[in-house]
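Read off the chains here:
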Amino acid sequence: MASITPDREKTASLTRQVGVDFGAALTVALAYIGDRLGIFKLMASGSPMTSSQIAGRAGLSERYIREWAATMAAAGYLKYNPDDATFRLTPEQASVLANEDNTFFMGGAFQYAVACYRQIAKLTEAFNHGGGVPFTDFGPEIVEAIERLFHAGYETWVAQEWIPAVPDIHQRLTAGAEAAEVGCGAGQCLIPVALAFPKSRFQGYDVDAASIERAREKAQHAGVTDRVNFEQVAAEDLPVRDRFDLVMAFNCIHDMARPRQVLASVCRTLKPTGAFLWSEANASERLEDNLNPQGRTLYGASTMHCMTVSLAQGGEGLGVVIGKEQARQMASEAGFRSFAELPVKNPYHRVFVARK
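If you're wondering where the values come from, they're calculated on a predicted model, not measured in any experiment.

**Q** Please explain the pattern of salt bridges as it appears in this structure.
**A** Think of it this way: side chains of opposite charge can pair up when their charged atoms draw near. All chains considered together, the criterion is met by 27 salt bridges. For the salt bridge of Arg118 with Glu141, the shortest nitrogen-to-oxygen distance reads 2.7 Å. A residue pair is termed long-range when its members are at least 10 positions apart, and Arg118 in the loop between helix 6 (107-117) and helix 7 (120-129) and Glu141 in helix 8 (residues 140-162) qualify at 23 residues. Residue class for Arg118 comes out exposed when judged on its relative accessible area of 51%. Glu147 serves as the salt-bridge partner of Lys218, at 2.6 Å between the closest nitrogen and oxygen. Here the residue Lys218 occupies a position in helix 11 (residues 209-222), and Glu147 occupies one in helix 8, the gap between them amounting to 71 residues. Since its relative accessible area comes to 8%, Glu147 is described here as buried. Three or more residues joined by partner-sharing salt bridges are found here, namely Asp35, Arg36, Lys41, Glu100, Arg118, Glu141, Glu144 and Arg148.

And the structure:
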């Protein structure tokens, strides 16, 4: 077969893209260091500082801070003023990098990525031999990373937008009802929802012991332990039937080893008049529609974390992008008689509601 000469412009373009991605990978690692050492938070006020001033206030090496800050400025994460050699965070940069209680904050993304980087050797073995990397191997930092990535969004959207989009359930929770969340993690969703509906009782289920321990500590701190409980239980083995007015599962069904059994378990726990709120990535079922930066992030996170965690348990390994039609089919197989997508707009999530 005759060889095909590569198009020079296309080759050069891809080379540049790889160079950009190489720099981005290094930037993520260095931004992780800045996040963990509190440098971004130190600069959150927006006051201009030289590298010496940053280092002095942080108690860190000036030479490292100088090079780190140059990287962050080149990446657009810091603003640099050449007139006085100072660096500062603009209000927009502070929202993304320093201020955790807003939906733009992305510090957890650096933490998540580095937790995945640390598993590359094990992931390579999985490529060679099958299986996967268990969730517990990622360590406690992945729990914190996920919490930091999602808590502000859940606090903003679930009680204020998603639940009100199901009026009968909203009314019940306001009056006093029972609700649960599977895959509850460290309580980043359930505790804010409980605070929003003080007359209702809530149950959180997760298979990860570290997540449950952290959720219980947060519930104690929030003063809601009288009506919010967390149990270390696999979602496919929920120990109740016909109990809950609402069950929630946000951004987690695709991670689970046996997602179809989980959905059937959720269906059993609902009252006949109850509802199931379920979110997945805001992406198309079709790969060709996801060939963009968002798709790259989703498929990358799936390969390095979500899918491999499922496969490590001998699971289905659905992957992050399952799409609305696959979700509908799975809900029907699990025993749900109705399924719809909620009319809420969200940059990250598609939210479904299913009923028995």
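Following the structure, the description resumes.
**Q** Could you clarify how one ought to interpret the sheet that holds strand 3 (residues 178-182) in this entry?
**A** Strand pairing in a sheet relies on backbone hydrogen bonds. The paired strands run either parallel or antiparallel. One open sheet holds the seven strands; their spatial order is 5-4-3-6-7-9-8, and the pairing between them is mixed. Looking at which strands have only one partner, the edges of the open sheet turn out to be strand 5 (228-232) and strand 8 (338-341). On average, each strand axis in the sheet is tilted by 20° relative to the strand beside it, whichever way the strands run. When strand 8 meets strand 9 (residues 349-355), the two strands line up antiparallel, connected through four bridges.

**Q** How should the layout of surface pockets be read in this particular structure?
**A** Space left empty within the atom packing is revealed by a probe, the size of a water molecule, rolled over the atoms. Empty space within the second largest pocket amounts to approximately 190 Å³. Lining the second largest pocket are 15 residues, and of these Glu147, His151, Glu155, Gln188 and Lys218 lie nearest its centre. Within the residue set of the lining of the second largest pocket, elements represented by two or more residues are helix 8, helix 10 (190-196) and helix 11. Per-element tally for the lining of the second largest pocket: the top contributor is helix 8, with five residues. Split into classes, the residues belonging to the lining of the second largest pocket amount to four nonpolar, four polar and seven charged.

**Q** Just checking my understanding: could you explain the environment of Asp35 for this structure?
**A** Along the chain, Asp35 falls in helix 1 (residues 8-36). Taking the C-alpha atoms as reference, Asp35 lies 40 Å from Pro239; in sequence the two are 204 residues apart. Aside from chain neighbours lying at most four places away, what touches Asp35 is Phe40, Phe105, Gly107 and Arg148. Here the side chain of Asp35 touches Arg36 through a polar contact of 3.5 Å, side chain to side chain.

**Q** Before we go on, may I ask you to explain the state of the cysteines in this structure?
**A** Two cysteines joined by a covalent bond between their sulfur atoms form a disulfide. Taken as a whole, this structure holds zero disulfides when the rule is applied. The structure places no disulfide on Cys184, whose sulfur is separated from the nearest cysteine sulfur, that of Cys252, by 9.0 Å. Its relative accessible area of 6% is what places Cys252 among the buried residues.

**Q** Can you help me understand the environment of Asp7 in this one?
**A** Position of Asp7 relative to the elements: it lies in the segment before helix 1. Within the structure, Asp7 has its side chain in polar contact with the backbone nitrogen of Lys10 (distance 2.8 Å).

**Q** What should I look at first to understand the nonpolar core in this one?
**A** When a protein is soluble and globular, its nonpolar side chains tend to lie buried together. Core analysis: the largest hydrophobic core is formed by 53 residues, its most contacted members being Val158, Ile163, Leu173, Phe202, Phe230 and Leu277. Among the elements that line this core, the one with the most residues is helix 8, at ten residues. If near-sequence neighbours (up to four positions away) are discounted, Ile163 is found in contact with Val158, His170, Leu173, Val193, Phe197, Leu246, Met248 and Leu277.

**Q** Help me understand the pairing of strand 3, please; the structure alone is not making it clear to me.
**A** The side chains of a regular strand alternate between both faces of the sheet. Of all the five residues making up strand 3, four are buried; the element is thus mostly covered by neighbouring parts of the structure. Here strand 3 pairs with strand 4 (residues 201-206) via five bridges, running parallel. Within strand 4, the position partnered with Val182 by the bridge is Tyr205. Where strand 3 lies against strand 6 (residues 244-250), three bridges are found, and the strand directions are parallel.

Basis of the calculations
- Every chain is numbered independently, its residues counted from 1 as its sequence is written.
- Only residues with pLDDT of at least 70 get local features here, since the model is predicted, and only at 80 or more are side-chain atom pairs given and counted; chain-wide, interface and lining totals rely on the full set of residues.
- Remark: hydrogens and water are excluded; side-chain values derive from all non-hydrogen atoms of the structure.
- Criterion for a salt bridge: a side-chain nitrogen of Lys or Arg within 4 Å of a carboxyl oxygen of Asp or Glu.
- Per the convention used, a helix needs a DSSP run of H or I reaching at least four residues, while a strand needs a run of E reaching at least two, with both numbered from the N terminus.
- A 1.4 Å probe rolled over the protein chains alone gives each residue an accessible area, and that area as a share of the maximum for its type sets the label: buried under 20%, exposed over 50%, partly exposed in between.
- Pairing between two strands is assigned when DSSP locates at least 2 bridges connecting them.
- Fitting a line to C-alpha atoms yields each axis, with helices limited to the stretch in contact; the angle taken between N-to-C directions then spans 0 to 180 degrees.
- Put plainly, a pocket is an open set of points on a 1 Å grid over the protein atoms alone with protein on both sides within 12 Å along at least five of seven lines, a cavity is a set where a 1.4 Å probe fits but cannot get out, and a lining residue has an atom within 4 Å of a point.
- Grid points are joined across faces, edges and corners, and a volume is the space filled by probe spheres set on the points.
- Three classes are used, and their members are as follows: Ala, Val, Leu, Ile, Met, Phe, Trp, Tyr, Cys and Pro are nonpolar, Asp, Glu, Lys and Arg are charged, and the others, Gly among them, are polar.
- Whether two residues are in contact is decided by their heavy atoms: any pair within 4.5 Å suffices.
- A 3.5 Å cut-off defines polar contacts: any pair of N or O atoms within that distance qualifies, except that in protein one atom must be a possible hydrogen donor and the other a possible acceptor, and neighbouring residues in sequence count only when both atoms are side-chain atoms.
- Only a pair of cysteine sulfur atoms within 2.5 Å counts as a disulfide in this structure description.
- By nonpolar core we mean a set of buried residues, namely Ala, Val, Leu, Ile, Met, Phe, Trp, Tyr and Cys, connected to one another through side-chain atoms within 4.5 Å.

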